[in-house]
Structures are given as C-alpha cells and as structure tokens.
Amino acid sequence: MRISKMFIPTLREVPAEAEIASHKLMLRAGLIRKQASGIYSFLPLGYRIFRKIEQIIREEMDRSGAQELMMSALLPAEVYQPSGRWEVFGPEMFRLKDRNERDFCLGPAHEEVFTEIVRNEIRSYKSLPMMLYQIQTKYRDEIRPRFGFMRCREFVMKDAYSFDRDEAGLDMSYSKMYEAYCRIFDRCGLDYIVVDADSGAMGGSGSQEFMVKSEIGEAEVVFCESCGYAANREKAQCVPEMCCPGEEQRCCDELPLEKVATPDARTIEELMKFFNCSPKEFAKTLIFQADDRVVAAMVRGDREINETKLRNHLGCNELNMADPETVKRVTHADVGFAGPVGLGIELIVDPEVAAMKNFVVGANETGYHLKNVNMGRDFKAMAVIDIRNMEEGDGCPKCGSPVKVAHGIEVGHIFKLGTKYSKAFNCTYLDEAGKEHPMVMGSYGIGVNRLMAAIIEQNNDENGIIWPVSIAPYHVVIIPVNATIEEQMKTAERIYSELQSAGVEVILDDRNERAGVKFKDADLIGIPIRITVGKKAEKGIVEYKLRKSSEVKELKIEDAIAQARQEVMSALN
Ligand code: ATP
Ligand code: MG
C-alpha cells in the first residue's frame, strides 16, 4: 500500500484520557478510536494487527486438534440458569429484553452454550475427546473499564472447551492447551510466566494463568526465584509465622485477660503507639457482608485479608466490608473496636492468629480493647483457614525462600472445570457398556484485545510501538526522503515491488512530507524494518534500519532487499 492512500490518522498529542503506554500508543498510532467507556472501534491498521494475533491463535488451536465454530453473542436467560450464572454474573452481565419481554443477555462467557450444544449432539464415547473453540466477542459491564484494551466492556476472546471421558483425558486435553498457549505467546514475542491460579468460584480442580509481568497489570503474582514456584496472589498458600515475636515467656504462657480503655486508639497505628508494641501483637477483626450473612474474619495486625480466599471459603458471590450500622449492630461498638470475644457471628481466623499468644483485639465496646487474648480460651473460630495476602519476603510454600510479588497482566487462563457444567446440563456420554457418565470438561480463554495491549506494553519506546515481525501490520516501510525527486521515487517503487513479489508486506511512504515527519510516523506505528531512499539512491545505496535498534546501515539496494526478506522470513518461521 501507498501511505498517501491509507487511513492512518496518527496523533501528535497524547490523548488526555489515556494513562498507560499501550492505550496512548494505540490511539496515537491510529489503531483504535473510543466509542464509549470500555468500547472501541478498530481502524484499518489496528484491525490488521488484531487479525494477525487472531490468526496465530487460530493456527495453534487448529494444530492442537481443536475445531473452530462460532456461537451467538445474544443469548436467552435460560442458557445461564442451570449453572446459576444468570444470578452469579450480577451487574457485570449486559441484560436486555426482546419485544415479548423475554430476558436475554450479551454473553460474558460461553461455558453454558458449549455444554448445551454438546449435550444435545454428542452421545457416544466414540466422539470423545473433543475440543471446540471460537474467537468471538464477549460483553462484560465491568465496574472499572480502563486502560484501553486492558479492561473493556466489549472484547474478543478466544474461548475453547474440552470434553473428555474422565480426569485422565482432561489432563491430556489440558496439557495440549498449555502447550498451545506457550506457542501462541512465544509467537507473539511475549515474555510471560505461568502461575497457579485460583479456581474457586468456578469450581474445578486446577487452573493456571498466563501472566505478562508489567507494572500496570491488575493481577498480583507471587513467585520464588529459588525454586520457580509461581502463583496468583489469590492462590498463593501462605505459610504462617508460628510464634508471636515477644519474649519467650509471653509466647508460651497464657496471661490473664485484661480490658483496657483505649478511647482515642482504633487504627493499628494508634494502637501501636498506645500499647507501645509491634503490629504483630494485634489481631484485626474485620466484619464483612457476605451475600445476606454477616461474618467476621481475623488476621494479624500487619496483614491484609485476601478477599478472594475468604469469598471462596464462604462460597458467597458478593463480599464487601460491612457498613458502619451493621458493624455497630453485630459488635455493639463503633467501627474500630470489633473483636472475637463474645462476638455472636461466624468467625474465620487465619492460622497465624490461631498460633498467636496474648494478643490485643477490640473489646466490642466503644473505647476499649482486650489484652492477653488467646484463641481457645477466650474465643472459638468456625474455621481456621489461610485468608491473608502473601507479602513480598514471606516464605515460599514450596521451598521456604523469600518470595517476590509483582504485577502482571493476565492474558490467558486455562481451567480444569471437571463436571460442574456437564452435571448441571446433564451433558453425558455412553461408554462401551452403554453406561452413562458426565463428560469431564476444561475451559481455556485468551483475551485478544488485552493480548494486543500487553504486546505493546512490552514492546515500545519513547517514539512509539516496536512490533515483533510476527504481528506487525506491515513488515517494511520504504521512505523516499523527497518524494518529488524522480530518482528516489523510482528506486523506492522498485524496492517496493520486489519486496512485494517476495511475499514481504510492505508500505511505501509516498507522501509529500518532510522526511522527519515520515520517520516519526514509521516509528510511532512500529514497522519493524525501515528502508530510506535518499540522495545516494543514484549510486544504488539506501539506508537500512531496524525499529528495535538505533543502528543505520548503508546497503546496496539488492542487499537491502535481501536482508529485509531474510529478516522477515526467519522471524516468521
Ligand atoms: P480479570 O480477572 O482480569 O477480570 P477474568 O478472570 O474475568 O479476568 P476470564 O473470564 O478468565 O477473565 O477470561 C479469559 C481472558 O479474557 C482473560 O485471561 C483476559 O485475558 C480476558 N479478559 C477478561 N476480561 C476482560 C476485559 N474486561 N477486557 C479485556 N480482556 C478481558
Ligand atoms: Mg473479570
């Protein structure tokens, strides 16, 4: 293509609404435009890149034996009722009614639809295992759509589902998908890690997420550099510190319970000052609203509760801090004075608190705390279970070395669903003896928009995007320094057509613009190879430059063509 004819509306200014590199660059490079919060349209260059990413995904899915199909996005409520997700999705689901007042939604996920289709069509063990996938638009009314393609309300997902006879079959399908995912992300040029993930709300026996390490990622990853352990923070199993750090004596003997007036101290900082001790000698009691129950949860004073862990344990959909009136009703005290002693509601305690001795808690009376509290003697827990966040420096659950915590962008998720959906939908098969069994399922997702954004996050500099050749919108840009000089245009045209016949995707910047403007645009949109045709064209010499390096080489025209071709072919194979 000739750039003069192309629709690439680049922007010089950084759009005010964009905070992160990928979002800014997608707007500036003329790849996308915003329609509404979390809703975007693709412009030609952006769509070309997007289709290349889709194609890599498609090739690797096909290679792993999965079959592509396409489900509708507009779905009746009945599809989501057997699994309970018509309710579970809550306000995240875009809901609408047809002219007959029947409930519909725009599908946020398709487990139900695939299970239903397979249930209706597949009966025999002979058809299994089976792996189906689609690359299709999902709708989620996210609370906080943000960062452009990172969290949108309309986005494309590759979702695949495996159907097997048994757990062993599922394990095989799962590992095939794992390998396909690695190939996909490798081909996209990403540096990623695979982490153990929480499979709580969806049920199921195992799940892993593919994470691209990045400051702006919303997911938190715990990893151990000594043994390679890596887990989502919601999944990472904490190892409790087993003893309070006071002197030996206080550690071992239970001292008499004391009520202390603490009129002006309710935060941990204020209490530390008041009692003149470390936060490790306090236990926080937090009151939560879990669906329609009110529950209390305790962690050590310096720890944070991990709400996903707590939610999974409670098996609830909604979990929020209780409002001050509720806190007052259950603790008979203002916020800041809750404690476990005499508290008449369900209490979940972190193992670290269970191991503490003679610690401080709220007294359930405004202005008072209790000192020398001990679990067992002074209060009992409904459950002692890991509900805290793992922190940087905590012991690795596998090898004990201190772990690191980093932010990551979740680009893909693979999941052993088991029989949760097949049982709900009665999706069964008959074995050799004619006996009926539920199919054992897996589900596997990649967010294509988010993947595109993650690739940009990892591949950019102050001048723009640096596309890996595999997904660059075009491989080569040819820039005649002065498009009005015939010799330069002639040489540029010649390189253009020779590269095109060699199967290289090439664009020619034939605009009557200053060279500087053309270089800026080429850098911004991130074309991997640039060939500049200037004054030396008369002598058969052009400039050759890779977007990812600052080196400019002068090459004979033939050599520049050969190198570009070589560079592209080796990157694509
Ligand atoms: P998150 O925790 O980020 O909300 P999720 O657990 O809801 O993700 P899944 O339901 O597992 O995500 O969806 C599969 C993939 O779809 C995710 O790994 C992610 O890459 C992508 N994805 C999910 N939600 C969005 C979104 N709002 N915008 C863009 N991509 C998304
Ligand atoms: Mg989500």
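All chains use their own residue numbering, which begins from 1 and follows the written sequence. Each chain gets a letter, beginning with A, and each ligand a number, beginning with 1, in the order they are written. It should be noted that, the model being predicted, local features are given only for residues of pLDDT at least 70 and side-chain atom pairs only at 80 or more, the latter also being counted only at that level, while totals for whole chains, interfaces and linings use all residues. Remark: hydrogens and water are excluded; side-chain values derive from all non-hydrogen atoms of the structure.

**Regarding helix 10 (residues 324–331)**
Right, so step 1: Every buried residue belonging to helix 10 is among Thr326, Val327, Val330 and Thr331, and all of these are buried. Axial view of helix 10: buried residues confined to an arc of 110°, hence all on one face. Facing away from the buried side of helix 10 by over 90 degrees, the exposed positions are Glu325 and Arg329.
Right, so step 2: Throughout, a residue-residue contact means that at least one pair of heavy atoms, one from each residue, lies within 4.5 Å. Every helix listed is a DSSP run of H or I at least four residues long, and every strand listed is a run of E at least two residues long, numbered separately from the N terminus. In the core, the buried residues of helix 10 are packed alongside strand 14 (283–290) and strand 15 (293–300).
Right, so step 3: Within two residues after helix 10, histidine 332 carries a phi angle of roughly 60°, on the positive side. Each residue is placed in one exposure class: buried if its accessible area under a 1.4 Å probe, protein chains only, is under 20% of its type's maximum, exposed if it is over 50%, and partly exposed if it falls in between. Taking the helix axis as origin, the arc is that swept by the directions to the C-beta atoms.

**Quick word on helix 16 (residues 557–572)**
Right, so step 1: In this analysis, the expected span of each helix is defined as 1.5 Å times one less than the number of residues it contains. Its 16 residues give helix 16 an end-to-end C-alpha distance of 23 Å, which sits within 8% of 22 Å, the value for a rise of 1.5 Å per residue.
Right, so step 2: Taken residue by residue, helix 16 has Ile557, Ala560, Ile561, Ala564 and Val568 as its buried positions. Down the axis of helix 16, the smallest arc covering the buried residues is 100°, so these residues share one side.
Right, so step 3: Against the buried residues of helix 16 lie strand 27 (476–480), helix 14 (486–501), strand 29 (529–533), strand 30 (541–546) and strand 31 (552–556).

**Some thoughts on the domain arrangement of the protein**
Right, so step 1: Domain extents, as shown, originate in an automatic or database domain assignment. Once the domains are mapped, the protein shows domain 1 (47–236 + 405–457), domain 2 (249–384) and domain 3 (474–572).
Right, so step 2: For domain 2 versus domain 3, the distance between C-alpha centres works out to 67 Å.

**Digging into the pairing of strand 8 (residues 154–164)**
Right, so step 1: Taken across its 11 residues, strand 8 has 10 buried, putting it largely inside the fold.
Right, so step 2: Here a strand pair is declared whenever DSSP counts at least two bridges between the two strands. Summarising the sheet, strand 7 (residues 130–139) and strand 8 pair through 10 bridges and their orientation is antiparallel. Note that in strand 8 the partner of lysine 138 across the bridge is phenylalanine 155.
Right, so step 3: Bridge analysis of strand 8 against strand 24 (residues 440–447) gives 8 bridges, and the strand direction is antiparallel. Bridge pairing links tyrosine 161 to serine 443 in strand 24.

**Remarks on unusual backbone geometry**
Right, so step 1: Following leucine 128, the chain continues to proline 129 via a peptide bond in cis, the omega torsion being 0°.
Right, so step 2: As for its placement among the helices and strands, proline 129 is situated in the loop between helix 5 (111–121) and strand 7.
Right, so step 3: Phi at aspartate 291 takes a positive value of approximately 50°, unusual for a residue other than glycine.

**Remarks on the side chain of histidine 413**
Right, so step 1: Along the polypeptide, histidine 413 turns up in strand 21 (residues 404–418).
Right, so step 2: Contacts described as polar in this section are N or O atom pairs within 3.5 Å, which, within protein, must combine one atom able to donate a hydrogen with one able to accept it, while residues neighboring in sequence count only if both atoms come from side chains. A distance of 2.9 Å separates polar atoms of two side chains, one belonging to histidine 413 and the other to serine 207.
Right, so step 3: The contact partners of histidine 413, leaving out residues within four places of it in the chain, are Tyr181, Ala197, Ser207, Gln208, Glu209, Ser443, Tyr444 and Gly445.

**Details of the site of ligand 1**
Right, so step 1: The environment of ligand 1 is made up of 14 residues, and the closest members are Arg140, Glu142, Arg151, Cys152 and Glu410.
Right, so step 2: Between ligand 1 and histidine 413, the relevant distance is 3.1 Å, taken from an oxygen atom to a side-chain nitrogen or oxygen of the residue.
Right, so step 3: Against a free-state accessible area of 590 Å², the protein chains account for coverage of 80% of ligand 1.
Right, so step 4: For the shell around ligand 1, the secondary-structure elements that each account for two or more residues are strand 8 and strand 21.
Right, so step 5: With 4 residues, the top contributor of residues to the shell around ligand 1 is strand 21.
Right, so step 6: Lys, Arg, Asp and Glu make up the charged group, whereas Ala, Val, Leu, Ile, Met, Phe, Trp, Tyr, Cys and Pro make up the nonpolar group; the residues left over, Gly among them, are polar. Considering only residue class, the shell around ligand 1 consists of 6 nonpolar, 3 polar and 5 charged. Here, proximity means that at least one heavy atom of the residue falls within 4 Å of the molecule or strand. Methods summary: accessible areas were calculated by the Shrake-Rupley approach with a probe of 1.4 Å, and residue burial reflects only the protein chains presented.

**Let's talk about the state of the cysteines**
Right, so step 1: Our working definition of a disulfide is a cysteine sulfur pair at a distance within 2.5 Å. If you walk through the whole model with that rule in mind, you get 0 disulfides.
Right, so step 2: Unpaired in this structure, cysteine 224 has its nearest cysteine sulfur neighbour in cysteine 399, at a distance of 3.6 Å.
Right, so step 3: A relative accessible area of 3% places cysteine 224 in the buried class.

**A short note on the pattern of salt bridges**
Right, so step 1: Salt bridges are counted wherever a side-chain nitrogen of Lys or Arg sits within 4 Å of a carboxyl oxygen of Asp or Glu. Following the criterion strictly, the structure yields 44 salt bridges and no others.
Right, so step 2: A salt bridge links aspartate 171 to lysine 416; its shortest N-O distance comes to 2.9 Å. In this pair, aspartate 171 is assigned in helix 6 (residues 167–187) and lysine 416 in strand 21, connecting sequence segments 245 residues apart.
Right, so step 3: Residue classification places lysine 416 among the buried positions, given a relative accessible area of 18%.
Right, so step 4: As a salt-bridge pair, arginine 547 and aspartate 461 come within 2.7 Å of each other at their nearest N and O atoms.

**A few points about the side chain of glutamine 488**
Right, so step 1: With respect to the element layout, glutamine 488 can be found in helix 14.
Right, so step 2: On the accessibility criterion, glutamine 488 (4% relative accessible area) is buried.
Right, so step 3: Setting aside residues up to four positions removed in sequence, glutamine 488 forms contacts with Pro480, Val481, Asn482, Val533, Gly534 and Lys535.

**Overview of the packing of aromatic side chains**
Right, so step 1: Pairs were defined over the aromatic rings of Phe, Tyr and Trp, the Trp ring being its six-membered one, requiring ring centres within 6.5 Å. Orientation was assigned from the angle between planes: stacked under 30 degrees, edge-to-face over 60, tilted for the rest. Applying the stated criterion across every chain yields a total of 16 aromatic pairs.
Right, so step 2: With a centroid separation of 6.4 Å and an interplanar angle of 55°, the aromatic rings of tyrosine 174 and tyrosine 444 are classed as tilted. Within this pair, whereas tyrosine 174 is found in helix 6, its partner tyrosine 444 is found in strand 24, the two being separated by 270 residues in sequence.
Right, so step 3: Given a relative accessible area of 9%, tyrosine 174 falls into the buried group.
Right, so step 4: For tyrosine 444, a relative accessible area of 1% gives the class buried.
Right, so step 5: Ring geometry for phenylalanine 185 versus phenylalanine 210: centroids 5.4 Å apart, planes at 40°, classification tilted. Highlighted residues: phenylalanine 185 in helix 6 and phenylalanine 210 in strand 10 (residues 206–213), separated in sequence by 25 residues.
Right, so step 6: Judged by relative accessible area, which is 0%, phenylalanine 210 ranks as buried.
Right, so step 7: One aromatic cluster in this structure is built from Tyr40, Phe42, Tyr47, Phe50 and Phe149.
Right, so step 8: Counting as a charge over the ring demands two things of the Lys NZ or Arg CZ atom: a distance within 6 Å of the ring centre and an angle within 35 degrees of the ring normal. Above the plane of the ring of tyrosine 474 lies arginine 48, whose end atom (NZ or CZ) is 3.9 Å from the centre.

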